[in-house]
Each structure stands twice: as C-alpha cells, then as structure tokens.
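# Observations on the model geometry
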Amino acid sequence: MESPEACSSGEASPVAAERPSEAAALRALIDRVRAGEVDAAREVRRLTRASARHRRKLAPAVEPLVAMLRAGAPDAGEAALLALLNLAVRDERNKTKIVDAGALEPLLGYLQSSDLNLQEYATAALLTLSASSTNKPIISASGAIPLLVQVLKEGNPQAKNDAVMALYNLSTITDNLQAILAVQPIPPLIELLKGGKRSSKTADKCCALLESLLAFDQCRVALTSEEGGVLTVVEVLEEGSLQGREHAVGALLTMCESDRSKYRDLILNEGAIPGLLELTVHGTPKSRMKAHVLLDLLRNTPYSRSRLQPDTLENIVTNIASQIDGEDRGGKAKKMLAEMVKVSMEQSLRHLQRRASFA
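Given the structure is predicted, the values throughout are model-derived calculations rather than measurements.

The rules behind these values
- Sequence order as written defines the numbering, with residues in each chain counted from 1.
- Residue-level local features of this predicted model are given only where pLDDT is at least 70; pairs of side-chain atoms are given and counted only at 80 or more, and the full residue set underlies all totals for whole chains, interfaces and linings.
- Water and hydrogen atoms were dropped before computing side-chain values, which therefore reflect all heavy atoms in the structure.
- In this description a helix means any DSSP run of H or I spanning at least four residues, a strand means any run of E spanning at least two, and both kinds are numbered starting from the N terminus.
- Only protein chains enter the accessibility calculation, which uses a 1.4 Å probe. A residue is then buried if its area is under 20% of the maximum for its type, exposed if over 50%, and partly exposed in between.
- Two residues qualify as a contact provided that any one of their heavy atoms is within 4.5 Å of a heavy atom in the partner residue.
- UniProt positions are given in the numbering used here, feature names are shortened, and annotations may be inferred rather than shown by experiment.
- Given the number of residues in a helix, its expected span is that number minus one, multiplied by 1.5 Å.
- We count a salt bridge whenever a side-chain nitrogen from Lys or Arg sits within 4 Å of a carboxyl oxygen from Asp or Glu.
- The axes used here are C-alpha line fits, helices contributing only the stretch in contact, and every angle between their N-to-C directions lies in the interval 0 to 180 degrees.
- Should an angle fall under 35 degrees it is taken as roughly parallel, and over 145 as roughly antiparallel, whereas 65 to 115 is taken as roughly perpendicular and any remaining angle as oblique.
- Crossing chirality is assigned from the near helix's rotation relative to the far helix, an anticlockwise turn below a right angle marking it left-handed and a clockwise turn marking it right-handed.
- Only Asp, Glu, Lys and Arg are considered charged in this grouping, and only Ala, Val, Leu, Ile, Met, Phe, Trp, Tyr, Cys and Pro are considered nonpolar; every other residue, Gly among them, is considered polar.
- An arc is given here, and it is the one of the directions from the helix axis to the C-beta atoms.

Looking now at the side chain of T232. Tracing the chain through its elements places T232 in helix α17 (residues 229–239). Owing to a relative accessible area of 2%, T232 belongs among the buried residues under this scheme. Excluding anything up to four places from it in sequence, T232 contacts I190, L193, K194 and R198.

Next up, the structure:
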C-alpha cells in the first residue's frame with residue numbers, strides 16, 4: 001500500500017542509529033501511540049514505510065496500534081491499520097506479534113466495510129499476515145476465508161488482487177481447500193483471470209489456486225460450467241509467465257488425470273495443444289514434465305486425420321522433435337507429436353472463433 005520510495009528522512013547510518021536522541025524520540029513516539037494520538041500512528045507508518053530498522057525499533061508500538069484499531073474510530077482505525085501493515089512487511093516477528101495482539105477481529109470487520117478503501121487496506125494486511133506459516137492456521141480459524149472470497153467477488157481491483165493472493169497463502173494448508181470451495185470462488189477467479197494480464201502475478205496465483213482446487217470434483221464441475229473457464233486457463237498456458245504457465249498446465253493435467261474420458265475432448269477443443277508443445281521446449285522443468293504427461297494423455301483422439309500433405313506435416317514434426325531433449329527424440333515422440341499437430345491444425349479455425357466470442 002506504500003510508495004516504493006524511501007521516507008523523506010532516509011535511513012540513518014549505523015552510528016546515527018545508536019544516538020540516544022533517536023532512541024529517545026522513538027520511545028516518545030511509542031508513548032504517543034499508547035496515548036491514542038492519530039498523528040503518532042501516521043508517523044509510525046511513515047518511518048516504517050521503507051526501513052527495516054524502524055520496523056524492529058518500533059515493534060513495541062504493535063499492541064497500542066492494535067488497541068487503536070479495535071477502538072473503532074474511523075480516522076484512528078485507518079491510521080493504525082496502515083501503520084500495522086508497514087510494520088508487518090518483511091518482518092516475521094511483527095507479523096506474529098500483530099496477530100497475537102488481537103488484530104484479526106477488527107481486520108475482519110474492515111473486510112466487511114462499505115468503505116472500499118478500508119476494505120482494501122484490510123485485505124492487504126491479511127495478505128501480508130497470511131504469508132507467515134505461524135499465522136496461517138489462526139487466520140484460517142478466524143473465519144477470514146468466506147470474507148476474502150466476498151472481497152474477490154465485490155472489492156475494488158487492488159483488493160481483489162490481494163484477496164486471491166491471501167487465499168493462495170491459506171490454500172497451502174490442505175484442510176482449507178474445502179473451506180475455500182464451499183464459498184464458490186471459481187466464478188470470481190475466472191472473472192479476475194479474464195480481466196487481467198495473463199502474465200501478471202495475480203494470474204500466477206489464480207492458476208496456482210485453481211491447480212490445488214481442481215483436485216476436487218466440485219471445482220472441476222464449477223470450472224467446466226463457467227463460460228470460457230477452461231479456455232481462460234488455456235490462454236494462461238499460452239501467454240502467461242513461466243510460473244503461471246506451470247500452474248496452468250498443472251491445472252489441466254489434474255483435470256485430465258482425474259477423468260481422462262470426461263475432460264480430454266474438452267481440453268482439446270479449447271486448443272491447448274500448441275501451448276503444450278511449446279512448453280515441452282521452453283517451459284520450466286516442472287512445466288515440461290507436466291506438458292509431456294498431459295500430451296500423452298491427450299494423444300489418442302477421436303478426430304479424423306488431417307488432409308495436410310505428409311511431407312509438410314513431417315517437416316513441422318521434425319522441427320519440433322529436434323528441439324526436445326534426449327529420450328523424446330525417438331520415433332515414439334515423433335509419432336505422438338505428429339498426432340498432436342494434426343489435431344491442433346484441424347481445430348485452429350474453431351479455436352479462433354471461440355476466442356473471438358469471448359473477446
């Protein structure tokens with residue numbers, strides 16, 4: 001929530017950091033926070049904006065800031081919330097200290113605020129706090145998951161981005177996946193993917209969350225029922241960042257492995273083959289492995305053979321196969337790739353038409 005620029009006072013030198021005058025000033029500032037001064041909370045926010053040293057030295061301000069947050073006065077609450085957010089950034093001890101001090105209850109209240117700015121700040125704070133492995137089970141038990149999904153549905157753009165990242169953090173606890181699914185996150189996740197850049201960090205986290213959730217039939221049904229749902233994942237497969245593409249191919253592979261006969265044609269119809277072939281060459285090690293497995297699951301298709309001239313097709317297949325390492329250079333790989341390229345070419349016009357309908 002803060003500017004990346006350092007605060008105007010800058011970082012003090014190690015010698016200056018030990019000056020009694022500075023230590024006294026910081027103690028006085030903490031005392032002012034304890035007295036409930038809103039301006040003091042704003043000063044804590046300013047000093048901790050870009051200073052890890054001040055985050056450490058001002059850690060004693062956490063408890064009085066949480067008390068200010070709980071008091072409920074709008075100006076004081078906002079100032080305290082933003083100061084706590086800065087104190088938590090890149091400081092694991094402060095993250096746990098903020099939760100231990102009782103910040104979750106008022107933060108969850110702000111998640112439900114009609115003031116979208118306060119909702120955004122609270123979502124950012126929960127994102128930061130949920131990065132701590134110690135905090136994750138506490139946040140999960142607090143009832144935050146349904147509220148984060150609600151923000152994902154109705155919040156402003158920044159709040160939606162932060163909500164999906166917070167949900168991803170919480171999804172690393174396996175027991176939370178069912179809790180997330182219970183509040184129907186798939187429509188807003190797909191909507192967020194459709195509306196943003198396929199190569200963004202938000203898209204990465206959306207696909208990472210989908211990859212985990214697709215282990216459940218409830219999620220697979222929801223995704224395939226959502227108009228353009230599988231197609232949107234395929235577009236990340238083709239246009240996403242390296243991490244996003246890794247999660248997108250993982251999501252499609254999870255679907256196909258769960259029920260090959262049910263999902264194979266659906267994935268083929270959305271034109272996944274070109275992106276999968278490219279991943280076998282240019283993806284991360286995990287992407288390449290997943291793409292190979294998924295291609296193998298998709299290769300026996302019900303589509304008729306292509307009318308392309310064999311020599312033209314062979315040139316294409318040879319070019320692709322020549323870029324693939326080691327054991328995949330053999331005749332089996334060429335045969336598999338030939339089948340895949342034929343299918344992708346037969347489907348190209350249909351795929352373009354489908355994409356145009358969702359533009």
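In this section: the UniProt feature "repeat: ARM" (unreviewed entry) in the protein chain. When the UniProt feature table is mapped onto this chain, "repeat: ARM" (unreviewed entry) is found at residues 102–144 and 143–181. As a span, residues 143–181 carries 82% helix and 0% strand, and end to end its C-alpha atoms are 14 Å apart.

Right, let's talk about helix α12 (residues 157–171) for a bit. A turn of α-helix holds 3.6 residues, and therefore any two residues three or four places apart point the same way. Taking 1.5 Å per residue as the helical rise, α12 with its 15 residues ought to reach 21 Å, and the 21 Å between its terminal C-alpha atoms agrees with that figure. For α12, the elements touching its buried residues are α9 (116–129), α10 (136–141), α11 (144–154), α13 (176–181), α14 (186–195) and α15 (201–213).

On to the pattern of salt bridges, then. Side chains carrying opposite charge are able to pair once their charged atoms draw close together. Overall, the coordinates contain 13 salt bridges when judged by the stated rule. In this structure, D39 and R42 form a salt bridge, with 3.0 Å as the shortest nitrogen-oxygen distance. Here the residue D39 and the residue R42 both occupy positions in helix α3 (residues 38–47), the gap between them amounting to 3 residues, near one helical turn. With a relative accessible area of 40%, R42 lands in the partly exposed category. Between E105 and R70 there is a salt bridge, with the nearest N and O atoms lying 3.3 Å from each other. Of this pair, E105 sits in helix α8 (residues 104–111) while R70 sits in helix α5 (residues 62–71), and the two are 35 residues apart along the sequence.

Moving on, we come to the packing of α9 against α12. At a minimum axis separation of 8 Å, α9 and α12 run at an interaxial angle of 25°. When the interaxial angle is binned, α9 and α12 end up roughly parallel. Relative to α12, the crossing made by α9 is left-handed. Where α9 abuts α12, its residues E120, T123, A124 and L127 lie against Q158, A159, D162, A163, M165, A166 and N169. For the contact of α9 with α12, the per-class residue count stands at 6 nonpolar, 3 polar and 2 charged.

Another point: the packing of helix α18 (residues 242–258) against helix α19 (residues 260–269). Close contact between α18 and α19 brings their axes to 6 Å; oriented N to C, the two are set at 140°. Taken as axis vectors, α18 and α19 run oblique relative to one another. Residues L252, M255, C256 and S258 of α18 form the contact with α19, whose participating residues are R260, Y263, R264 and I267. For the contact of α18 with α19, the class distribution of residues is 5 nonpolar, 1 polar and 2 charged.

What follows covers the environment of G195. The topology assignment puts G195 in helix α14. A relative accessible area of 72% means that G195 is categorised as exposed.

Next up on the list: the environment of V249. In this structure, V249 sits in helix α18. With residues near it in sequence (within four places) discarded, V249 still touches L237, L276, L279, S287, K290, A291 and L294.

With that out of the way, let us pick up α3. Residues A40, A41, V44 and L47 constitute the buried set of α3. Projected down its long axis, α3 shows its buried positions confined to an angular sector of 125°, all on one face. The secondary structure elements touched by the buried residues of α3 are α2 (20–34), α4 (52–57), α5 and α6 (74–88).

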